[in-house]
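Each chain, written out:
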Amino acid sequence: MRIRLTVFATIFLVTMTTVVAIAAAKCSDPRVRKEIRDLTDDERERYIYAVKKVYDEGWLDNLTENHFTSGANVHGVPVFFPWHRQFIWDYENLLRKVDSEITLPYWDWTLDAAKPPLSQVFHSNYMGGSGNPNQLNCLMNGPFRYWQVTTTVPHCLQRNFNMTQQFWGPDVLLEVQRNSQMYSDLQPLIENTIHAIIHLFIGGDMAQLISTNDPIFFLHHAMVDKVWYDWQLMGEDSKRFHEYNGIDRTRSNVTVNPTDPLPEYTHLSVSDVLNPMGDLLCYKYAESKSQRSALALFDRYNRGNPPQSQDEAVGIIASVLGYNPDAIDLSILTEEERTLKPHTGNPDWWNRQHNLDGDMVANSYEIATGILQQLNQLANYISPCVVQLAYVKAFGPRNPEDGVEPPPSGIGAGGVFQNTVNVATITGPPTVTISIGNVATIEDRQAEEVKTFGGIFATLSLDGGISATQQSLSNGISSTQPSW
Ligand SMILES: [Cu+2]
């Protein structure tokens, strides 16, 4: 391991949207994969329609068959990232057969790390929640309820949330990425820990090699792929878009090479998929607010200007996440919820099933834990995912075991994420295009303030007298989560 725990030593504020000049021969108009919560209602509904269609046509069964039979060749080995990159590209192409406008969304689970069951993503309008414990953990809520899948034996699609499990936060992830000097550092660290925990939390089909039966697999692996992509972007010039190295334990410890064949894809080699904007693939990822908030916080410590109070830290994070800092009240969190605890490791059966070496996994957990402990020791530090949890607990709670239940109505209660429409009112020059769905755009345009008022409406003022007002559609409730 070449990881050096030099937290905050060499921080360069990487803007994830920076378009690195990648020598891209054929890719001039990349597909843009967005965080699922940044999709409009229409985009999300079309995506879900396509997911169902891919299932109805039996294509999902084929993919699961592939993933299951490829199992030992593509997990616990360096080809983990490239193989899954190609695999989800195939899936995205199937979705686009149904609707050519669709790109695969990603689920940035770092945002939900403090208390995953409260994630918006498990809402019945999104991916649905946990299975029914009285019915073999069959999924009985959300758009994929009552699905029957065939691999490896016919069964209902199952989920079984581990309600007490946390994920790793965006801050730990960022440090893992930045401390990974080489591809061979990053790949095992991510696969063994940060990636595994998501599968283990969801349980059911997701906790086995048939995980692809569950459509949430593809959201999860789009995020895993983005983690690699962001690491590639962090490199000098475009050198990491060619980098591939490490040891393949399954092939007598051979040193891997970019010219290696991509398992199960007879006509492809690893080098074909190293660049998402190369000759073969053509996509990129829209940035995540979660990661951006961690960057903003780190930047303050790095500049020798750390937050002087926890309130100030909350303010820094909240403004990037798009929340009114005054609406965040950490005192509604229990002590347990406020503190991110390191994970103890993966169960042995998971490691065996996914071809992971127990010692290497232990080593990966040790590194991630070391980072978490360093962060927790910083004065006035708070993880962005804890701020997110304080927001969700106040404005968007629901019972994750019962995603069928409609969110409670009423101002400031759950469900505020739904049925909102953004109305931009331009009241004066100059003309500014407000990109709906990306709060970062506002920041980039030097928004003077983003305010929310008691969950009723939100106003954004830009210089030049331009304002945008977020209003509600049908239920008279507006979101306090500006989503421009
Ligand atoms: Cu896999």
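On a predicted model such as this, the values are computed, not experimentally measured, just so you know.

Here is what the cut-offs are and how they apply
- Residues numbered from 1 in each chain as written.
- Predicted model: local features only at pLDDT ≥ 70, side-chain atom pairs only at ≥ 80, totals over all residues.
- Helix = DSSP H or I, 4+ residues; strand = E, 2+ residues; numbered from the N terminus.
- Buried ≥ 20, exposed ≤ 12 C-beta atoms within 10 Å, placed from the backbone.
- Contact = placed C-beta atoms within 7 Å.
- Axes fitted to C-alpha atoms, helices over the stretch in contact; angles between N-to-C directions.
- Parallel < 35°, antiparallel > 145°, perpendicular 65-115°, else oblique.
- Nonpolar A, V, L, I, M, F, W, Y, C, P; charged D, E, K, R; others polar.
- Core = buried A, V, L, I, M, F, W, Y, C linked by C-beta atoms within 7 Å.
- Expected span 1.5 Å × (residues − 1).
- Arc of directions from axis to C-beta.
- pLDDT = per-residue confidence, 0-100.

Trainee: In this structure, what is going on with the overall build of the chain? I would like to understand it.
Mentor: When you go through the chain residue by residue, the secondary structure sums to 13 helices and 10 strands. Considering the chain as a whole, with its 484 residues, one finds that 46% of them fall into the buried category. By sequence separation, contacts in the chain at least 24 residues apart represent 72% of the contacts at least 6 residues apart.

Trainee: Where do I start with the packing of helix H4 (residues 170-179) against helix H7 (residues 289-302) in this structure?
Mentor: At a minimum axis distance of 9 Å, the contact between H4 and H7 shows a crossing angle of 75°. With respect to their mutual orientation, H4 and H7 come out roughly perpendicular. On H7, the residues touching Pro-170, Asp-171 and Leu-174 of H4 are Ser-290, Gln-291, Ser-293, Ala-294 and Leu-295. When its residues are assigned to classes, the contact of H4 with H7 shows four nonpolar, three polar and one charged.

Trainee: Got a minute to help me understand unusual backbone geometry in this structure?
Mentor: Glycine aside, a negative phi is what most residues show, and trans is what most peptide bonds show. The linkage connecting Thr-151 with the following residue, Thr-152, adopts the cis geometry, with an omega of -10°. Tracing the chain through its elements places Thr-152 in the loop between strand E2 (148-149) and strand E3 (155-156).

Trainee: What is the right way to read the nonpolar core from this model?
Mentor: Note that soluble globular proteins tend to have their nonpolar side chains buried in a common cluster. Ranked by internal contacts, the top residues of the largest apolar core, which has 98 residues, are Leu-219 and Val-387. Looking at which element gives the most residues to this core, the answer is helix H6 (residues 216-234), with 12 residues. Not counting residues within four places of it along the chain, the set of residues in contact with Leu-219 comprises Ile-36, Pro-105, Tyr-106, Trp-107 and Met-127. Counting seven residues, the second largest nonpolar core, distinct from the first, contains Leu-139, Phe-144, Val-149 and Leu-157.

Trainee: How do you make sense of helix H11 (residues 358-377) when you look at a structure like this?
Mentor: Along an α-helix, a turn takes 3.6 residues, which lines up residues three or four apart on a common side. For H11, with 20 residues, the first-to-last C-alpha span of 29 Å sits near the 28 Å given by 1.5 Å per residue. Of the positions making up H11, those classed as buried are Val-361, Ser-364, Ile-367, Ala-368, Ile-371, Leu-372 and Leu-375. Summarising the axial view, the buried residues of H11 lie within an arc of 130°, below the 170-degree limit, and thus occupy one face. When the buried face of H11 is taken as reference, the exposed residues oriented beyond 90 degrees from it are Asp-359, Gln-373 and Gln-377. The elements touched by buried residues of H11 are H4, helix H5 (183-202) and helix H10 (348-353).

Trainee: I keep staring at the environment of Phe-161 and nothing clicks. Help me out?
Mentor: Positionally, Phe-161 belongs in the loop between E3 and H4. Judged by local crowding, Phe-161 falls into the buried class, with 21 C-beta atoms found within 10 Å. In this structure, the C-alpha to C-alpha distance between Phe-161 and Pro-133, residues 28 residues apart in sequence, is 9.9 Å.

Trainee: Just checking my understanding: could you explain helix H1 (residues 41-56) for this structure?
Mentor: If you check H1, its first and last C-alpha atoms are 22 Å apart, about what 16 residues at 1.5 Å a residue would give, namely 22 Å. Residues of H1 that are buried: Tyr-47, Ala-50, Val-51 and Val-54. For H1, the angular spread of buried residues about the axis comes to 105°, placing them on one side. Pointing more than 90 degrees away from the buried face of H1 are the exposed residues Asp-42 and Asp-56. Tucked inside the fold, the buried residues of H1 contact helix H2 (59-74) and helix H3 (80-98). In the segment just after H1, Gly-58 is the residue with positive phi, at about 85°.

Trainee: How should the confidence of the model for the chain be read in this particular structure?
Mentor: One rule of thumb: low pLDDT means the predicted coordinates there are not for detailed reading. Here the chain averages 80 in pLDDT, and 77% of its residues register 70 or above. Per-element confidence in the chain is highest for strand E1 (residues 31-33), whose mean pLDDT is 98, and lowest for strand E8 (residues 449-453), whose mean pLDDT is 25. The low-confidence segment residues 1-24 (pLDDT under 50) makes 45 contacts with residues lying over four places distant or belonging to another chain. Across residues 397-484, where pLDDT falls below 50, the model places 159 contacts with residues more than four positions away in sequence or in other chains.

Trainee: Looking at this model, I keep getting lost on the packing of helix H8 (residues 310-321) against helix H12 (residues 384-395). Mind explaining?
Mentor: A packed helix pair is summarised by two numbers, namely the angle formed by the two axes and the spacing between the axes. Orientation of H8 relative to H12, taken along the N-to-C sense of each, is 70°, at an axis distance of 10 Å. Considering the angle they form, H8 stands roughly perpendicular to H12. Counting all contacts with H8, which are made through Val-314, Ile-317, Ala-318 and Leu-321, the residues of H12 involved are Pro-384, Val-387 and Gln-388. Class assignment of the residues belonging to the contact of H8 with H12 gives a composition of six nonpolar, one polar and no charged.

Trainee: Explain the environment of Asn-351 here, please?
Mentor: Tracing the backbone through its elements, the reader meets Asn-351 in helix H10. Along the backbone, Asn-351 and Asn-192 are 159 residues apart, and their C-alpha atoms lie at a distance of 8.4 Å. With residues near it in sequence (within four places) discarded, Asn-351 still touches Asn-346, Leu-356, Gly-358 and Val-361.

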